[in-house]
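Chain residues, written in single-letter form:
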Amino acid sequence: MLTRVLPTLILAVLLLAGWEVYCHMADVSPLILPPPSGVFRALMQNRAEIGMHAAVTLAVATLGFSLSVGFAFVTSVLLHFNGWAERGLMPLFVASQTVPLVALAPLMILWFGFGLLPKVLLVILVTFFPMLLSLLSGYRQTPPAFRELLGSMGAGRWSVFRRATLPSARAAFLAGLRISATYAIVATIFAEYAGARRGLGIYILSAKNNFRADLVLAAVVVSACLTLTLLGVLRLIDRLTAKGPEARSHA
């Protein structure tokens, strides 16, 4: 485990050290580019407030991401069993991904207000498509021999899907989950940035308006940590489900 993360840690330390040295040697104003030590100090001094906003952002992202997973799975099953629906709806799903977040977030706030709904909807819209595409791709990776064998034993379409197609899509689905997880926090912050009372997005906006680059970067660091946390949870789920009950008993 250590050998896998050690190169990343070394590179991160070198980058942070170079950043720190540059800020001091070039005498850069902290209002423009604070050094890492200044960002860390601001994070520690404001950890309670940042933590409160981060908890709100994480809750919204988790809710939206969870609903997106369920929606993507149900939609993938419907499209898998209905080729006409897949041919008709997939271009619309693709077109939905061409709308930039910068334009979409304010519209969500305008249509649905400043509550929870617009933020959750934005997370769903952003994270839904990668999972849907991964699932449909995974379904097509089912070995034909498996389908033919089950069909020769009298299995129906649903039985073949449950016993062969769905297990074959596991790896593709998990890859789609990891891709979507990287978007969940970003989509939530964009929605909060467009209009919210609490959350990292509104905190970043407030810090920017007060010319506190150190607080902006501190919030960015926290948002990155939230994304890494989601990815870590997905990786843990991947390992536990791959190894079965025995692995769960040792975890």
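It should be emphasised that the depicted structure is a prediction, and the values quoted were computed from it without experimental measurement.

(A) Local environment of the overall build of the chain. Scanning the chain from N- to C-terminus turns up twelve helices and zero strands. Each principal axis of the C-alpha distribution contributes one length, and for the chain these read about 75 × 50 × 30 Å. Expressed as a percentage of the 251 residues in the chain, the buried residues total 38%. Restricting the contact set of the chain to residue pairs at least 6 apart, pairs at least 24 apart contribute 73%. As displayed, the chain has an accessible area near 14,600 Å², and 71% of this comes from carbon and sulfur atoms. The average position of the 20 basic charges and that of the 9 acidic charges among the side chains of the chain differ by 10 Å.

(B) Region of interest: the pattern of salt bridges. One pass over the structure, following the stated rule, counts four salt bridges. For R140, the salt bridge identified is with E86, shortest N-O distance 2.4 Å. Taken as a pair, R140 in the loop between α6 (116-139) and α7 (144-152) and E86 in helix α4 (residues 83-96) lie far apart in primary sequence, 54 residues in all. Taking relative accessible area as the criterion, R140 reaches 57% and is therefore assigned exposed.

(C) Examining unusual backbone geometry more closely. One non-glycine residue, D27, lies in the positive phi region at around 55°. With respect to the helices and strands, the residue D27 is situated in the loop between α1 (2-25) and α2 (36-45). At F211, a position not held by glycine, the phi torsion is positive, near 55°. Judged by its relative accessible area of 62%, F211 is exposed.

(D) Representation of the environment of G38 within the structure. Residue placement: G38 occurs in helix α2. Exposure remark for G38: the relative accessible area of 10% places this residue in the buried category. The spatial distance from the C-alpha of G38 to the C-alpha of D214 is 6.5 Å, given a sequence separation of 176 residues.

(E) Quick peek at the packing of helix α5 (residues 101-112) against α6. Between α5 and α6, whose axes approach to 9 Å, the crossing angle comes to 145°. Regarding α5 and α6, the two cross each other, and that crossing is right-handed. Here L101, L104, A105, M108, I109 and F112 of α5 come into contact with α6, specifically with L117, P118, L121, L122, L125 and V126. Looking at the contact of α5 with α6, its residues break down into twelve nonpolar, no polar and no charged.

Rules and cut-offs
Residues numbered from 1 in each chain as written. Predicted model: local features only at pLDDT ≥ 70, side-chain atom pairs only at ≥ 80, totals over all residues. Heavy atoms only, no water. Helix = DSSP H or I, 4+ residues; strand = E, 2+ residues; numbered from the N terminus. Buried < 20%, exposed > 50% of the residue type's maximum accessible area, 1.4 Å probe, protein only. Contact = heavy atoms within 4.5 Å. Areas by Shrake-Rupley, 256 points an atom, 1.4 Å probe, with all protein chains shown as cover. Lys, Arg positive; Asp, Glu negative; His and termini not counted. Charge placed at Lys NZ, Arg CZ, Asp CG, Glu CD. Salt bridge = Lys/Arg side-chain N within 4 Å of Asp/Glu carboxyl O. Axes fitted to C-alpha atoms, helices over the stretch in contact; angles between N-to-C directions. Left-handed = near helix turned anticlockwise from the far one by under 90°. Nonpolar A, V, L, I, M, F, W, Y, C, P; charged D, E, K, R; others polar.

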